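# A look at the structure
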Amino acid sequence: MLTLKQKLSEIVSAAFEKCGYDAALGIVTVSNREDLCQFQCNGALAAAKQYRKNPIAIAGEVCALLENEEIFGKVSFAPPGFINMDVSDVYLAKYSFNMLEDSRLLLPKAENPSTIVIDYGGPNVAKPLHIGHLRTAIIGEALKRLAKYLGHNVIGDVHLGDWGLQMGLIIAGLEDKCPDLCYFDENYTGEYPSDAPVTIDELNTLYPAASARSKEDEEFKKVAQKATYDLQNGRRGYVALWKKFLEISVSDLKKSYAKLNVEFDKWLGESDSAPYVDDMIASLKEQGLAYLSDGALIVDVALEDDKEEIPPIIISKSDGSQLYGTTDIATIIQRVRDFNPNEIWYVVDNRQALHFKQVFRATRRAKFVGDDVKLYHIGFGTMNGKDGKPYKTRDGGVMRLSDLIETVSSAAFAKMNESEVMRDISDEEKKLEAEKVGIAALKFGDLINQPAKDYVFDMDRFLASEGKTGPYLQYCVVRISSVLNKANEQGLEVGEILPPSSLSERALILKLASVGDVLNRAFDEKAPTGICEILFDIAGAFNRFYHENKILTEEDTARRASWLSLLKLTHKMMSTLLDILAIDIPDHM
Ligand code: ARG
């Protein structure tokens, strides 16, 4: 399905070709001077250089052909060689009505879908989600939904941190506290109890305690390292215990992610790469890529033209333990085997950029993926406090994600309490709606920024009912719903969309017709930012249109029916886009 802009490009390209020029010159863009025209093509300027001709003459020749195309309402050229175009109102009406009638709103769908694994979330067993996990969840989910919407075959994998030293630390911590549990008895041969030995809250305190202790207590650290090694080498009691940890942790994580509308297709973890590690190491050695250095097994990944130093990646340490990079390389092998992806995207903090560089290079050197498989690290910046440093709790600690959500939700609740509209709504329902608004504020406040950039968490700004905020957009959709409901109650019909009767109506249709290009671009750039911008633009265009027209009381019934259809289309489009961003729409606001 071509977008409107692509369709125009096709027509203008054909005109260039007919005039004897390269078709590639006919690329059409949205005009940056909306007051002059809707679309433009600057191909005549490039053609002038290529064919040593006067650009204005070329623009004139092409324009003469375009004038015969019924899609255009107006075509003109201007010095030094711009081609300016307006689509006809009749065409805009037809196009927007077709959007409304189409279940996909004429939005693009990939002709050759890719299989894409998106690695995001990355929570760690026994550690509650904290704000460090916020961005990967929000950005990753939006990218996953975008790619799926565009028709790609997407596998979102949470890639649980369930295998490293942290597991040994928890085991050692628990063994110290409750040494009599059967899991620690090496002579135990019976079945292990089905009930978990600890609750999620106990588990969540075990880890920080054990981690802190290991930093001071060398002896304890060794015990934890040994436990990690034994677990990874299949000690029965440890494996059984670890499975219990995993079970309770995953069910808790699923609840937290559900609150954020984040759903993973796969709940695989670092441990799922374990079966591939031995063969991977053997292959690295066989290919002469891995060698011993100070007892550690390493692979060089530096390239001659590196501007910074890229140290070798450590595959295993002298004590045989494996590292983060080991599991990441082995996970690529597992993914290639299980999903045969064309692309793997990692939505992970910028601060892990070096790690991924090393992992990707080692993987490529060893040919563990085909040359055509693309590996991307989509690095993101930090969410900072107003002091410009990573956001902290009042006492300087790391904030739990649930506390952050609670903070914004109660602020949204307080705002709702002031609102007239919400007067008759029960507190319980208001709480649910406030959570939708709070989370929308958080998500939109994040996604509006380019992923790679840091941003400042500013609750008042994020929750503001005007400006580029989640609540502003939600409010816009709620308002359209309420007009449509009223129309429905009054028995007013929707009908065919008529050619726009005003500037604001035309502008709204043009914004709606540009969404397909925005989605394509967001996908290419792997950044949902543009989706946030177009949502804001559509809301602005809608509000201008809405203020200028009395829709429900319009006496011309065909016009009213057309406007109602346009409202319906705006509603559908905004809901679709918000859904791609995994932002819910409240019933009232
Ligand atoms: N669990 C890791 C962390 O907390 C993030 C995992 C990111 N994904 C990956 N394939 N390395 O830092």
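Computed from a predicted model, the values in this text were never measured in an experiment.

Reading guide: rules and limits
Residues numbered from 1 in each chain as written. Predicted model: local features only at pLDDT ≥ 70, side-chain atom pairs only at ≥ 80, totals over all residues. Heavy atoms only, no water. Helix = DSSP H or I, 4+ residues; strand = E, 2+ residues; numbered from the N terminus. Expected span 1.5 Å × (residues − 1). Buried < 20%, exposed > 50% of the residue type's maximum accessible area, 1.4 Å probe, protein only. Contact = heavy atoms within 4.5 Å. Polar contact = N/O pair within 3.5 Å; in protein donor to acceptor, adjacent residues only side chain to side chain. Axes fitted to C-alpha atoms, helices over the stretch in contact; angles between N-to-C directions. Parallel < 35°, antiparallel > 145°, perpendicular 65-115°, else oblique. Left-handed = near helix turned anticlockwise from the far one by under 90°. Pairing = 2+ DSSP bridges. Disulfide = S-S within 2.5 Å. Core = buried A, V, L, I, M, F, W, Y, C linked by side-chain atoms within 4.5 Å. Near = heavy atom within 4 Å. Nonpolar A, V, L, I, M, F, W, Y, C, P; charged D, E, K, R; others polar.

## Quick word on helix H16 (residues 470-489)
The terminal C-alpha atoms of H16 lie 29 Å apart, and with 20 residues this matches the ideal 28 Å at 1.5 Å per residue to within 8%. Considered for burial, the residues of H16 that qualify are Gly470, Pro471, Tyr472, Leu473, Gln474, Cys476, Val477, Val478, Ile480, Val483, Leu484 and Ala487. For H16, the secondary structure elements touched by its buried residues are helix H14 (427-447), helix H15 (459-463), helix H19 (529-548) and helix H20 (557-580). Where H16 begins, the side chain of Thr469 points an oxygen toward the backbone nitrogen of Tyr472, at a separation of 3.1 Å.

## Side note on the side chain of Asp446
Structurally, Asp446 can be placed in helix H14. Excluding its chain neighbours within four sequence positions, the residues that come into contact with Asp446 are Arg135, Ile138, Ile139 and Tyr455.

## Examining the packing of helix H2 (residues 43-51) against helix H3 (residues 55-66)
One can describe the packing of H2 onto H3 by two numbers: an axis separation of 8 Å at closest approach and a directional angle of 125°. The angle between H2 and H3 falls in the class oblique. Relative to H3, the crossing made by H2 is right-handed. Across the interface between the two elements, Ala44, Leu45, Ala47 and Ala48 of H2 pack against Pro55, Ile58 and Ala59 of H3.

## Points about the sheet that holds strand S8 (residues 296-299)
To summarise the sheet geometry, strands pair through backbone hydrogen bonds and adopt either a parallel or an antiparallel arrangement. Strand order across the open sheet formed by three strands is S7-S8-S9, with antiparallel pairing between neighbours. Because the sheet does not close on itself, it has two edges, and the strands there are strand S7 (290-293) and strand S9 (313-316). Neighbour-to-neighbour, the strand axes of this sheet turn through a mean angle of 45°, independent of strand direction. Here S7 pairs with S8 via four bridges, running antiparallel. The partner of Leu292 across the bridge, within S8, is Leu297.

## Remarks on the state of the cysteines
Covalently bonding the sulfur atom of one cysteine to the sulfur atom of another cysteine gives a disulfide. Taken as a whole, this structure holds zero disulfides when the rule is applied. The cysteine Cys37 is free of any disulfide, with Cys63 supplying the nearest cysteine sulfur at 11 Å. A disulfide-free cysteine, Cys532 has its sulfur positioned 15 Å from the sulfur of Cys476, the nearest such atom. A relative accessible area of 0% places Cys532 in the buried class.

## Topic: the nonpolar core
By size, the foremost hydrophobic cluster in this structure holds 161 residues, and its most contacted members are Phe16, Leu66, Ile83, Met85, Phe245, Leu404 and Leu519. Of all hydrophobic cores here, the second largest spans 33 residues; its members include Leu268, Tyr276, Met280 and Ile329.

## Quick notes on unusual backbone geometry
As a rule of thumb, non-glycine residues mostly have phi less than zero, and peptide bonds are mostly trans rather than cis. Pro79 connects to Pro80 through a cis peptide bond whose omega is 0°. Tracing the backbone through its elements, the reader meets Pro80 in the loop between strand S3 (72-78) and strand S4 (82-87). Of note in this structure, Arg52 is not a glycine but carries a positive phi near 50°. Summarising the element assignment, Arg52 is placed in the loop between H2 and H3. Look at Arg52 and you get exposed, because its relative accessible area is 77%. Look at Leu106: it is not a glycine, yet its phi comes out positive at around 60°. Considering the arrangement of structural elements, one finds Leu106 in the loop between helix H4 (89-101) and strand S5 (115-119). Relative accessible area serves as the criterion here: at 13%, Leu106 is assigned to the buried category.

## Brief notes about the site of the ligand
All residues adjacent to the ligand are Asp119, Gly122, Asn124, His159, Tyr324, Asp328, Tyr346, Val348, Gln352 and Phe356. Between the ligand and Asp119, the relevant distance is 2.8 Å, taken from a nitrogen atom to a side-chain nitrogen or oxygen of the residue. In this structure, Gln352 approaches the ligand through a side-chain N or O atom, which is 3.1 Å from an oxygen atom. For the shell around the ligand, the elements supplying multiple residues, two or more each, are helix H11 (324-339) and strand S10 (343-349). When the residues that make up the shell around the ligand are grouped by side-chain class, the tally is four nonpolar, four polar and two charged.

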